[in-house]
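Per-entry structural report
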Number of protein chains: 2
Amino acid sequence: MENFSFYNPTKIEFGKDKEKNIGKYLSAYNIKKVLLVYGSQRVKKDGLFDSVTNSLKENSIEFIEFGGVISNPILGTIQDAIKIAKKENIEAVLSVGGGSVLDSSKTIAVGTLYDGDVWDFFCGKNAIENALPIFDIITLAATGSEMNGYAVVTNEKTKQKLSIWSSCIYPKVSIINPELQKSVSKEYLVYSASDIIAHSIEGYFTAKVQPTYMSRVVESIIKTVIETTEILIENKDDYSARGEFAWAATNALNGTTTVGTKDFSFPNHLIEHSLSALYNVPHGAGLSVVMPAWMKWYYKQNEAQFIRFAKEVFGKNSALEGIEALENWFNKIGTPTRLNQFNLSKENISEIIENLSNQQEFTKEELKEILSNMI
Amino acid sequence: MENFSFYNPTKIEFGKDKEKNIGKYLSAYNIKKVLLVYGSQRVKKDGLFDSVTNSLKENSIEFIEFGGVISNPILGTIQDAIKIAKKENIEAVLSVGGGSVLDSSKTIAVGTLYDGDVWDFFCGKNAIENALPIFDIITLAATGSEMNGYAVVTNEKTKQKLSIWSSCIYPKVSIINPELQKSVSKEYLVYSASDIIAHSIEGYFTAKVQPTYMSRVVESIIKTVIETTEILIENKDDYSARGEFAWAATNALNGTTTVGTKDFSFPNHLIEHSLSALYNVPHGAGLSVVMPAWMKWYYKQNEAQFIRFAKEVFGKNSALEGIEALENWFNKIGTPTRLNQFNLSKENISEIIENLSNQQEFTKEELKEILSNMI
């Protein structure tokens, strides 16, 4: 076990109808005016928007709407929102949507209290010191953003997808109502499953010190995701499976799975961020292509842990059988495992490598080997 | 999954030498004067006391010593400390010791801001509204108190062992340095193992709704405790095992294992509290006597979960085999499983039942059945 500090101040309100109290949760922080950030107009059609705004009105909280955040959220949209938030003297940001909306909201919360360009924080030109308080109603399980201090944004001009972390951008209160997540399409359900598994395995396989207890916790998350995804494909209304899927997603990236570990990295996310920045593929779909390819390339560097994974998660006996079982499972649930499923081919490999030229994790040769496993 | 709220604001500082920064952690809360609560003089002999007070002095924090807290801490001692804390205008309580010292410290923190008798909160005469900030260096892994809002105290006059819970008594910062825990005797190590397992199984077996993910997390804790206890019995200096044991202990009772569950209770603790209130047996030793006895009596009410436990933790196939495996493991590590190991016999059963007459969990007949399994 390595030394660590653990602190996660986000309050989770989990369950049916919790979003109807959002105004009360904001009032507890004495918030009088929020920026209400969302993605598509879908939130207005399904009644969620009304629930939220009714609760805000009942609690005399003024709100300014900011819709139109897209998947793989882009900097331009966020910069527009920051201008509005500054002009309107917004006191807090309320995100209603999935990870893209929440990551945008976190970035808006940081940018509103900053005089320069918020992208400065993503490229390390400045350190985050402050942010507006952030609240969210998370409508898609996967991101983990509802209980951590990360945000990932794409700069559409430079084609970079980069992240920030700050203790200032842990949401104050996150509402997870599994019922709100059942309108997610089957496609996005399986992409989410892939995303949660990716969050789980990055540290699990790459850490230089990995306590066995943490491995057990990660395996618990992955087994839960596999089990509940299969239930939800059959019956999207299974509340219990929906709830366990959502809570496993939150736990996969709230810091509890990596305490006491040492020097882990996010190689799968690194490569995938390039895929979604270049070709706008859904993040989880990109990850299910990257993971088996990376695992086949990497496993010999930590074979004991890959054998553990094979045994504990799939009841298999070797590292390669475990990787194959995961890939087969991705195929079974219908999330991509090859680049051609995005209409990409060998020809795109050099473009991806070029896009990844600013990272230090891999050499170009190594990337070529990994990417060739995706053909 | 049931609806839940989850919020755990304790900051954990885990690892080697962390206690040397205690003054810095207190300063971050602008604390200038603390009550330094501890148990025996042992903390002075092993250098811990000097480390702590040096750090306080370096950060210009005044401290008043209050030693002499005993195992199964008693109300009288706490009342004495509250008088001192009031008189000295103490701003925070710093606990240096195990669960008994920390639970006493929490109670002192509550009582110092209350005009009446602090026992009022234990017997439900009043609700906790405020407490001094609490900090701790936990020297024994078991209690979980370092990351929750519980405290358990014995009223030596009424022979009642009761608990309080309040969001006000989560420690602000808890220091867990596994190295400080290696001076714990082999006896107390195995009692601690029993205690952690008891914390883990109460909800696991009694909840009316138990998400599978939560079962997996509990099993991860129990498997880790079993594995690391065996390592530590062989080699008390194994830092890695000591660290995993400590962190599993914290997680067993920090609220993460029971989210989304419904209506669980603490039957084993209920019965054990009577044993330690009447005969002053070590809490963990009492629990390893109570658990197999209670499990044999209870398992048919939730047999599927007992079969799950048998399979996942011990690789056994039936509920009774799982219970037997746990009892055998307790015998193997040397924590008691029968009342006669406390020099108690059949003759004491009526006394224990009498002591438990104020609870609603069991009838007298049921208690008789459970207690007869301890003979």
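The shown structure was predicted, so the numbers you read here are calculated from the model rather than taken from an experiment.

Glancing now at the overall build of chain A. Regarding its fold elements, chain A presents 15 helices and eight strands. Here chain A has a C-alpha radius of gyration of 20 Å; the compact-globule value for 375 residues is 21 Å, and the two agree. Principal-axis analysis of the C-alpha atoms gives chain A an extent of 60 × 45 × 45 Å. Across the 375 residues that make up chain A, the buried fraction comes to 60%.

Residue and element names in this part refer to chain A. Contact geometry of helix α7 (residues 186-206) with helix α8 (residues 212-234) gives a least axis separation of 10 Å together with a crossing angle of 170°. If you check the angle between α7 and α8, you find them roughly antiparallel. Across the interface between the two elements, Lys186, Leu189, Val190, Ala193, Ile196, Ile197, Ser200, Ile201 and Tyr204 of α7 pack against Ser215, Val218, Glu219, Ile221, Ile222, Val225, Ile226, Thr229, Leu232 and Ile233 of α8. A per-class count over the contact of α7 with α8 returns 14 nonpolar, three polar and two charged.

What follows is about helix α10 (residues 267-279) of chain A. Since one α-helical turn is 3.6 residues long, residues separated by three or four positions face the same way. Residue and element names in this part refer to chain A. With 13 residues, α10 should cover 18 Å at 1.5 Å per step; its first-to-last C-alpha distance of 19 Å lies within 8% of that length. Counting buried positions over the 13 residues of α10 gives ten, a clear majority of the element. Within α10 the residues assigned to the buried category are Pro267, Asn268, His269, Ile271, Glu272, His273, Ser274, Leu275, Ser276 and Ala277. Taken together, the buried residues of α10 touch β6 (150-155), β7 (160-165), α7, α11 (283-298), α14 (349-355) and α15 (364-372).

So, about the relation of the copies chain A and chain B. Of the transformation placing chain A onto chain B, the axial shift is 0.0 Å and the rotation is 180°, giving an RMSD of 0.0 Å. Taken together, the rotation angle and the small translation identify this as a two-fold axis. Across chain A, the smallest distance between a C-alpha and the rotation axis is recorded for A:Pro9, namely 2.6 Å. Mapped onto chain B, 100% of the interface residues of chain A again fall at the interface, so both copies present the same surface.

Residues and elements named next belong to chain A. Applying the stated rule across the entire model yields zero disulfides over all chains. Not engaged in a disulfide, the cysteine Cys123 finds its nearest cysteine sulfur in Cys168; these two sulfurs lie 18 Å apart. Using a relative accessible area of 38% as the deciding quantity, one classes Cys123 as partly exposed.

The tally for this structure, following the rule as stated, stands at 48 aromatic pairs over all chains. Summarising the aromatic geometry, the rings of A:Phe309 and A:Phe314 are spaced 5.9 Å apart at their centres and angled 70° between planes, so their arrangement reads as edge-to-face. On the numbers, 5.2 Å between centres and 70° between planes, the contact of B:Tyr188 with B:Tyr191 is edge-to-face. Of this pair, B:Tyr188 and B:Tyr191 both sit in helix α7 (residues 186-206), separated by three residues, roughly a single helical turn. Among the aromatic side chains, those forming a connected cluster through ring pairs are A:Tyr204, A:Phe205, A:Trp294, A:Trp297, A:Tyr298, A:Tyr299, A:Phe306, A:Phe309, A:Phe314 and A:Phe362. Above the plane of the ring of B:Tyr239 lies B:Lys16, whose end atom (NZ or CZ) is 4.3 Å from the centre. If you follow B:Lys44 out to its NZ or CZ, it ends over the ring of B:Phe49, 4.7 Å from the centre.

Within this structure, the stated rule accounts for 28 salt bridges over all chains. Residues B:Glu13 and B:Lys11 are paired through a salt bridge, measuring 3.7 Å at the closest nitrogen-oxygen approach. Three or more residues joined by partner-sharing salt bridges are found here, namely A:Lys11, A:Glu13 and A:Lys18.

Right, let's talk about empty space enclosed by the protein for a bit. If you walk through the whole model with that rule in mind, you get three cavities of 30 Å³ or more. Quantified by volume, the largest cavity comes out at close to 290 Å³. What lines the largest cavity is a set of 20 residues, among which A:Asn251, A:Asn254, A:Thr256, B:Asn251 and B:Thr256 lie closest to the centre. Put simply, the parts of the chain that give the lining of the largest cavity at least two residues each are β1 (4-14), α8 and α9 (239-252) of chain A together with β1 (4-14), α8 (212-234) and α9 (239-252) of chain B. Of the residues assigned to the lining of the largest cavity, the class counts are twelve nonpolar, eight polar and no charged.

Sites flagged by UniProt as "coiled-coil region" (unreviewed entry) map to residues 339-373 of chain A. Secondary structure content for residues 339-373 of chain A is 46% helix and 0% strand, while the C-alpha to C-alpha distance between its ends is 9 Å.

A separate point is the nonpolar core. Nonpolar side chains in soluble globular proteins generally cluster together in the buried interior. Counting residues in hydrophobic clusters, the biggest one holds 105 residues, and the most contacted among them are A:Ile197, A:Trp247, A:Trp294, A:Met295 and A:Phe309. Setting aside residues no more than four positions away along its own chain, A:Phe309 makes contact with A:Ile201, A:Tyr204, A:Phe205, A:Ile222, A:Met295, A:Phe314, A:Gly322 and A:Leu326. Membership of the second largest hydrophobic core comes to 102 residues, among which are A:Phe4, B:Leu35, B:Ile323 and B:Met374.

What follows is about the sheet that holds strand β8 (residues 173-176) of chain A. The mixed open sheet is built from twelve strands, whose spatial order is β3(A)-β2(A)-β4(A)-β5(A)-β8(A)-β1(A)-β1(B)-β8(B)-β5(B)-β4(B)-β2(B)-β3(B). Every interior strand has two partners, whereas the edge strands, β3 (62-66) of chain A together with β3 (62-66) of chain B, have only one. Strand-to-strand twist in this sheet, taken as the mean axis angle between neighbours without regard to direction, amounts to 25°. In the sheet, strand β2 (residues 33-38) of chain A pairs with strand β4 (residues 92-97) of chain A via five bridges, with the strands oriented parallel. Each bridged residue has a counterpart across the sheet, and for A:Tyr38 the counterpart in β4(A) is A:Val96. Contacting β1 and β8 of chain A together with β1 of chain B, α9(A) runs over the sheet at an angle of about 150° to β1(A). In this fold helix α4 (residues 75-87) of chain B packs onto β2 (33-38) and β3 of chain B, with an angle of close to 155° to the strand it touches most, β3(B).

For the rest of this paragraph, the subject is the interface of chain A and chain B. Reports often express the size of an interface as the amount of accessible area lost when the parts come together. At the junction of the two partners, chain A supplies 37 residues and chain B supplies 37 residues. Carbon and sulfur atoms make up 55% of the surface buried where chain A meets chain B, a total of about 3200 Å² over both sides. Counting the surface chain A buries against chain B, the share from its top three residues, A:Met1, A:Tyr213 and A:Arg216, is 24%. The interface formed by chain A and chain B holds two salt bridges in total. B:Arg216 is paired through a salt bridge with A:Glu227; the nearest N and O atoms lie 2.9 Å apart. Summed over the shared surface of chain A and chain B, the number is 19 residue pairs in polar contact (both at pLDDT 80 or more). Elements with a contribution of two residues or more to the side of chain A that touches chain B: β1, α8 and α9 of chain A.

The rules behind each value
- Residues numbered from 1 in each chain as written.
- Chains lettered and ligands numbered in written order.
- Predicted model: local features only at pLDDT ≥ 70, side-chain atom pairs only at ≥ 80, totals over all residues.
- Heavy atoms only, no water.
- Helix = DSSP H or I, 4+ residues; strand = E, 2+ residues; numbered from the N terminus.
- Rg over C-alpha atoms; globule rule 2.2 N^0.38 Å.
- Buried < 20%, exposed > 50% of the residue type's maximum accessible area, 1.4 Å probe, protein only.
- Axes fitted to C-alpha atoms, helices over the stretch in contact; angles between N-to-C directions.
- Parallel < 35°, antiparallel > 145°, perpendicular 65-115°, else oblique.
- Contact = heavy atoms within 4.5 Å.
- Nonpolar A, V, L, I, M, F, W, Y, C, P; charged D, E, K, R; others polar.
- Expected span 1.5 Å × (residues − 1).
- Least-squares fit on C-alpha atoms with pLDDT ≥ 70 in both.
- Disulfide = S-S within 2.5 Å.
- Phe/Tyr/Trp six-rings, centres within 6.5 Å; stacked < 30°, edge-to-face > 60°.
- Lys NZ or Arg CZ within 6 Å of the ring centre and 35° of its normal.
- Salt bridge = Lys/Arg side-chain N within 4 Å of Asp/Glu carboxyl O.
- 1 Å grid on protein atoms, 1.4 Å probe; cavity = no way out; pocket = protein on both sides within 12 Å on 5 of 7 lines; lining within 4 Å.
- Points joined across faces, edges and corners; volume = space filled by probe spheres on them.
- UniProt positions renumbered as here; feature names shortened; annotations may be inferred.
- Core = buried A, V, L, I, M, F, W, Y, C linked by side-chain atoms within 4.5 Å.
- Pairing = 2+ DSSP bridges.
- Buried area = accessible area lost by both parts, 1.4 Å probe.
- Polar contact = N/O pair within 3.5 Å; in protein donor to acceptor, adjacent residues only side chain to side chain.

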